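As a plain string of letters, each chain reads:
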Amino acid sequence: MEDQWLLSAIYDDDLVERIRESRGSCSRHTSINLPTFENEILSSSSGSRTFDEYYLPAIEEPREKFQLVRKPAPSFAGRYLSLLANHFQITCKGSIVYQYYIGINPSIPSKKLNRKILSLLEEQVPELLELNLAYDGMHTIYSSKYIDTRRINQISIDLKGTVKESPNKFTIFFTYVDNFRLDTRIPPENQTAIEKQRMKHAIDTIFRQTSVGRFHVVQQSFFSITPHLQVGPAHGLGWGTVNLGLGREVCYGFYQNVVETFDMLTMNIDVATTTFYRPIALVEFLAEVLEVPLATVIDGRSLSEAQKKKFNREVAGLKVETRHCASPRRFRVARCTWKPMENITLHISNGTDASLSISMVDYFKSRYNIDLQYRHLPCVELGRSRECILPLELCYIVGGQRCIKKLNEQQIANLIRATSRNATERKSAIMNIHERVDVRNDPCGSENGLRVENQMMKLDGRVLPSPRLLYCYPNSKLQNCVTTPNNGTWDMRGKNFYTGVKIKKWAVVCYADSAIVSPNNLESFIGNLQRVAKEIGMPFVEEYCFYSYIPPDDAATSLEILHRTYPDLQIAICVVPGKSTVYGDLKRKGDLLGFTTQCVRTHNVTRVSPHTLSNLCMKINSKLGGVNVALSAPPPAMTSDPTLFIGCHLARNAVPLVSDSSSSDSNMDTSIACLVGSLDGHPTRFSPMFRVQSRNSSTIIDLTDMMCEAIVNFRQSTGFKPHKIVIYRSGIGEETIEEILQTELRAIREACKLIEPNFQPGITFIGLDVTHHTRFFAANDRDKIGSSQNVPAGTLVETGITVNNAFEFYLVSHAGIQGTSRPTKYVVMWDDNQFPPYEVHEMTYQLCHTQSRCTRSVSIPSPVYYAKLVAQRAKILLADEKFDSQLFHEKSRLDGMMFV
């Protein structure tokens, strides 16, 4: 494996000898000390360039748009496995449906209100009830019969009881579009993509029509939020809620969607959960947000400034309802007031230039005969222009408001406990949904000749063989130790890192109070860390050069002093308290200085475990340039030529706008585009880069520039030009895959041309989707693994539920410990290298074993895994408006894996 590229013909002899001489030692900059080339892009000797041109034949640019890779013949690697998938076949009698465009004026972007308007239209025109209308909530409606549009287009709808800012009077017009025969079979060549999409949309809309009227809709999922029953996690379908705290609750429901498979349309049904705000009084919501008892909130003491800010962040943007008038009214909260209610005076116009001043308490007493009780609490300002102000005790949170704000650690733990089901329980829950919702006998579907089968689809799967992983034997750097994972896990005891770093200069800094982490605890932790590090081949050669307790407020300053005092310091072990800003301060300052830090939470110092220490050593070794583990026998796709591996991730809504306190946390307008590029041939080391871009773009805007940087970094680190580039791109979907392929593949090719006009490496472009709801269940009990009863790690499905005109496959690359394993869907969008299918499967599966943070395979390939870690780090770095992104990029090019 080490010499995989030394045997290729693209090298000069001197460079090979330098590479061989430099192996065996490791610095903080690189895992294998390959020569760096300052001020050199991709230039090489004329002889080497001639051979490169021979090895890199010109790739003809398509005159038309790029086409997805066609579906190859199935591969046969691995052992056979019988599976069930939560897809149900749909049968059809060939009924004809009529498609209409529906326009609502004024236009509103709310599917719920649009459906309510159509419902009122059906009340005014009863003949529409006989037409079995199916409405998608926007602009398309399907009917089983022809509609007389002349009568409908003259009707006006009066909609009352909506949110105050919304319009109440609407006019409707229908326009005939087309009629066609429903068909759930998909001939391989006879239907265009547009025809397939129209058929899917029509059948999905028809089946959703009944559920839309019965349940609360969130995208493709349905929830029953009316009966707020407190239920436990051991339930069947689970209509009801579980309180998560801080005014939030998790609701149970089901997911339903019509999807395309190999030769038919199927119904994908799954269990769904999401978080809603609890429909409680606003005063009670205040108590939950502040994490205090209700009695503490209403005892007469005013809120502190910090409490008001915290409450304002949570309440801004929520819809509330008032019930003190003759009819309920709904408003959207703009912000809370900083004054308590007893200090607020209203100015009421009396029809003249003068106005009447009256206190809030007196106004509600004289106008509504209400004695307000909680006069020490603030009020809320309502509406876009904050034209209305109301006391908290008269407001109630409207039910059915989905919470998209980040949950805290305790809420996440409560959510996992409330929603985790092993595979057998999830399968039973899905079948229970199918029966209770009665999808098979759906009224709208039956009227259009559609029927859903009762049984899940049966599939043929295979379990890929586990890759062999390379470590080193203790005290023997020249002999490799080979281990084979068992169901995605392996043990590192008795083994050393493949390339371990020797730590000579290091520091220990504790930013927690000595009362929380005592000197004895800290010394014990350090001793145990040194012992474990020595056992696995990353020795602390010398004692720490600096040891101190430092106040949290001085975190950034202390790093500057350390960096200035000890310029050759390799790493600082930083003990940080929980729920503080110290971690962000350290990472921002450390990344700008090129200074490596390893943060440890206080509870991991006071309660030391061997597992935690081992994981810390893995992270430290990777940050300092070591290689934890390498692949023993990677497929030829990874080893035949110098190959650059790229991981791309687009983190949505990652950077909030800087605004005043009245804005909602959900007000974000940017995304972070993240990319990592490999720096060695294993591949185990990656260089990070990120860019901030518009949230509205589904493609990476600066991909050309980022790819240029990745190619240059690869050349500087390895000494070779990449002959192949393999890109794993997360976040693809049916709606975005075409745009991503056309835009980003051209950007990648443009980057290669910018490097060198005739530089044309073969590009393999693979997309990942982890947002789908497909789940696999072992058909035989002998194939169920562990207490979670999931399918084995390495389970591959490439037929049955994949489409017939694209190179798709599903892979479960990890061992499901809790809940039901989610397979990752892969789409090979482009492949200049013409890899055989089994090599693509094997390469992808093996890359899921090379991430450096634990001894387990993960659910996605390590390049994408690292790109997501870069997104998390970027969010922390960009929280500071003054963060120097350019300086970070310069430092990260040298320091590599500081983001793990």
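Along each chain, numbering runs from 1 in the same order as the chain's sequence is written. Local features in this predicted model are restricted to residues of pLDDT 70 or higher, and side-chain atom pairs are both shown and tallied only at a pLDDT of 80 or more, whereas totals for entire chains, interfaces and linings draw on every residue. The side-chain numbers reported here are obtained from all heavy atoms of the structure, hydrogens and water having been left aside.

The name an unreviewed UniProt entry assigns to the chain is Piwi domain-containing protein, from the organism Caenorhabditis remanei. UniProt positions are given in the numbering used here, feature names are shortened, and annotations may be inferred rather than shown by experiment. A UniProt comment under Sequence similarities (unreviewed entry) is attached to the chain, and it reads "Belongs to the argonaute family."

S.K.: An account of helix α20 (residues 737–755) is needed here, citing residue identities and associated values.
M.R.: Only DSSP runs of H or I with at least four residues qualify as helices, and only runs of E with at least two residues qualify as strands; both kinds are numbered from the N terminus onward. The length a helix should cover is 1.5 Å for every residue beyond the first. With 19 residues, α20 should cover 27 Å at 1.5 Å per step; its first-to-last C-alpha distance of 27 Å lies within 8% of that length. Two residues form a contact once any of their heavy atoms are found within 4.5 Å. Buried residues along α20 sit in contact with α19 (703–718), β32 (724–730), β33 (762–769) and β37 (824–831).

S.K.: Before we move on, can you summarise the side chain of Ser862 with the specific residues and values?
M.R.: Inspection of the secondary structure puts Ser862 in helix α22 (residues 862–877). For every residue, the accessible area obtained with a 1.4 Å probe (protein chains only) is divided by the maximum for its type, and the residue is called buried under 20%, exposed over 50%, and partly exposed between those limits. Residue classification places Ser862 among the buried residues on the basis of a relative accessible area of 0%. Engagement of the side chain of Ser862 in a polar contact is seen with the side chain of Thr850, the distance being 2.8 Å. Contacts of Ser862, omitting those with residues within four sequence positions, involve Leu847, Thr850 and Gln851. Any N or O atom pair separated by 3.5 Å or less is treated as a polar contact, with the protein-specific requirement of one donor-capable and one acceptor-capable atom, and with residues adjacent in sequence counted only for side-chain atom pairs.

S.K.: Any details on unusual backbone geometry? Residues and values, ideally.
M.R.: The linkage connecting Asn105 with the following residue, Pro106, adopts the cis geometry, with an omega of 0°. Following His682, the chain continues into Pro683 via a peptide bond in cis, with omega recorded as -15°. Assignment of secondary structure puts Pro683 in the loop between β30 (668–678) and β31 (686–694). Phi is positive for Gln219, close to 55°, though the residue is something other than glycine. Structurally, Gln219 is set in the loop between β8 (216–218) and β9 (221–223).

S.K.: If you had to explain the sheet that holds strand β19 (residues 395–397) to someone new, which residues and values would you point to?
M.R.: Strand order in the open sheet made by the five strands is β18-β17-β14-β13-β19, with antiparallel pairing throughout. Every other strand in the sheet has two partners, leaving β18 (388–391) and β19 as the edge strands with one partner each. Neighbour-to-neighbour, the strand axes of this sheet turn through a mean angle of 50°, independent of strand direction. Relative to β19, strand β13 (residues 319–322) runs antiparallel, the two sharing three bridges. A pair of strands is considered paired only if DSSP assigns at least 2 bridges between the two. Angles here are taken between N-to-C directions and fall from 0 to 180 degrees, while the axes themselves are lines fitted to C-alpha atoms, restricted in helices to the stretch in contact.

S.K.: Hey, could you go over a nonpolar patch on the surface for me, with residue numbers and the actual values?
M.R.: Together, Tyr101, Phe173 and Val177 give the surface a local cluster of nonpolar side chains, amounting to about 250 Å² of exposed area. Residue placement: Val177 occurs in strand β7 (residues 169–181). Residue Val177 is classed as partly exposed on the basis of its relative accessible area of 44%. Like charges within 9 Å and nonpolar side chains (Val, Leu, Ile, Met, Phe, Trp, Tyr) within 5 Å are joined into patches, using only residues over 30% in relative accessible area that form no salt bridge. Per-residue accessibility takes into account occlusion by the displayed protein chains alone, with areas from the Shrake-Rupley method and a 1.4 Å probe. Salt bridges are defined as contacts in which a side-chain nitrogen from Lys or Arg sits within 4 Å of a carboxyl oxygen from Asp or Glu.

S.K.: Tell me about the nonpolar core, and please be specific about residues and values.
M.R.: Among buried residues, the Ala, Val, Leu, Ile, Met, Phe, Trp, Tyr and Cys ones that are joined through side-chain atoms within 4.5 Å form a nonpolar core. Counting residues in each nonpolar core, the largest one holds 78 residues, and the members touching the most others are Ile503, Phe525, Met538, Phe690, Tyr728 and Met843. Counting 37 residues, the second-largest nonpolar core is a separate cluster that includes Ala287, Leu303, Phe311 and Val315.

S.K.: Which residues make up the packing of helix α14 (residues 555–565) against helix α15 (residues 582–593), and what are the values?
M.R.: Two elements in contact, α14 and α15, have axes separated by 8 Å at closest approach and are oriented at 30°. As judged from the angle between their axes, α14 and α15 are roughly parallel. The way α14 lies across α15 gives a crossing that is right-handed. Contact residues: α14 offers Ala555, Ala556, Leu559, Glu560 and His563, while α15 offers Val582, Asp585, Leu586, Lys589, Gly590 and Leu593. Note on terminology: angles under 35 degrees are roughly parallel, angles over 145 are roughly antiparallel, angles of 65 to 115 are roughly perpendicular, and the others are oblique. In this scheme the handedness of a crossing depends on how the near helix is turned from the far one: anticlockwise by less than a right angle means left-handed, clockwise means right-handed.

S.K.: An account of the side chain of Glu393 is requested, with residue identities and associated values reported.
M.R.: Tracing the chain through its elements places Glu393 in the loop between β18 and β19. Despite its burial, Glu393 pairs with no opposite charge; the closest candidate is Arg375, at 7.2 Å N-O. At a separation of 3.0 Å, a polar atom in the side chain of Glu393 contacts the main-chain amide nitrogen of Gln373. Within the local environment of Glu393, its side chain forms a polar contact with the backbone nitrogen of Tyr374, the two atoms lying 2.9 Å apart. In this structure, Glu393 is in contact with Val283, Met341, Asp371, Leu372, Gln373 and Tyr374, ignoring residues within four places of it in sequence. When charges are tallied, Lys and Arg are placed among the positive residues and Asp and Glu among the negative ones, while His and the ends of the chain are skipped.

S.K.: Tell me what's going on with the packing of aromatic side chains, and back it up with residues and numbers.
M.R.: Here the aromatic set is Phe, Tyr and Trp, taking the six-membered ring for Trp, and pairing holds for ring centres within 6.5 Å; pairs whose planes are under 30 degrees apart are stacked, those over 60 apart are edge-to-face, and all others are tilted. Going through the model one piece at a time under the given rule, you end up with 25 aromatic pairs. By way of ring pairs, the aromatic residues Tyr100, Tyr146, Phe174 and Tyr176 are connected into one cluster. Working rule: Lys NZ or Arg CZ, within 6 Å of ring centre, within 35 degrees of ring normal, means a charge sits over the ring. Lying over the aromatic face of Phe180, Arg198 brings its terminal NZ or CZ to 4.1 Å of the ring centre. Sitting above the plane of the Tyr396 ring, Arg323 keeps its charged end 4.1 Å from the centroid.

S.K.: Provide a residue-level description of the sheet that holds strand β3 (residues 96–105), including the pertinent values.
M.R.: Strand pairs in the sheet, formed through backbone hydrogen bonds, run parallel or antiparallel to each other. Ordered in space as β4-β5-β3-β7-β6, the five strands form an open sheet in which the pairing is antiparallel. This sheet does not close on itself; its edge strands, each paired only once, are β4 (134–135) and β6 (156–158). Taken together, the two bridges between β4 and strand β5 (residues 140–143) define a ladder with antiparallel strand orientation. The partner of Tyr135 across the bridge, within β5, is Ile141. Packed on one face of the sheet, helix α3 (residues 111–124) meets β3, β4, β5, β6 and β7 and runs near 115° to β6.

S.K.: Before we move on, could you go through the pattern of salt bridges and cite the residues and values that matter?
M.R.: Per the counting criterion, the structure on display carries 34 salt bridges. Between Asp491 and Arg493 there is a salt bridge, and its shortest N-O distance comes to 2.6 Å. Given the relative accessible area of 71%, Arg493 is considered exposed. Look at the salt bridges and you will find they share partners, linking Glu321, Arg323 and Arg330 into a network.

S.K.: For the environment of His324, give the residues involved together with the corresponding values.
M.R.: Here His324 lies in the loop between β13 and β14 (329–340). The sequence separation of His324 and Tyr368 amounts to 44 residues, and the corresponding C-alpha distance is 7.7 Å. Discounting residues that sit within four places of it in the chain, His324 has contacts with Phe364, Tyr368, Ile370, Leu390 and Leu394.

S.K.: Tell me about the state of the cysteines, and name the residues and values.
M.R.: When two cysteine sulfur atoms are found within 2.5 Å, that pair is recorded as a disulfide. Applying the stated criterion across every chain, the model contains zero disulfides. Between Cys379, a free cysteine, and Cys395, which holds the nearest cysteine sulfur, the sulfur-to-sulfur gap is 8.6 Å. Cysteine Cys599 is unpaired, with the sulfur of Cys574 as its nearest cysteine sulfur at 5.0 Å. Take Cys599: its relative accessible area is 12%, and that puts it in the buried class.

S.K.: Please provide a residue-by-residue account of the confidence of the model for the chain, values included.
M.R.: Residue-level confidence of the predictor is summarised by pLDDT, bounded by 0 at the bottom and 100 at the top. Looking at the chain as a whole, its pLDDT mean stands at 85, while 86% of the residues score no less than 70. In the predicted structure, residues 1–55 sits below a pLDDT of 50 and forms 118 contacts with residues beyond four places in sequence or in another chain. Taken as a whole, residues 227–237 scores under 50 in pLDDT and shows 30 contacts with residues more than four places along the chain or in a different chain.

S.K.: Tell me about the pairing of strand β27 (residues 597–601), residues and numbers included.
M.R.: Most of β27 sits out of view: four of its five residues are buried. Of the strand pairs in this sheet, strand β26 (residues 571–576) and β27 are connected by five bridges, and their pairing is parallel. Note that in β27 the partner of Ile573 across the bridge is Gln598. We call a crossover right-handed when, viewed with both strands directed away from the observer, the connection leading from the first strand over the helix to the second proceeds clockwise. Crossover handedness for the path β26 to α15 to β27: right-handed.

S.K.: Which residues make up the environment of Phe645, and what values do they have?
M.R.: Mapping Phe645 onto the fold places it in strand β29 (residues 643–656). Residue classification places Phe645 among the buried positions, given a relative accessible area of 2%. Separated by 33 residues in sequence, Phe645 and Ser678 place their C-alpha atoms 5.3 Å apart. Those residues within four positions of Phe645 in sequence are excluded, and the remaining contacts are Met638, Val676, Gly677, Ser678, Pro683, Phe686, Val726, Met843, Leu847 and Pro863.

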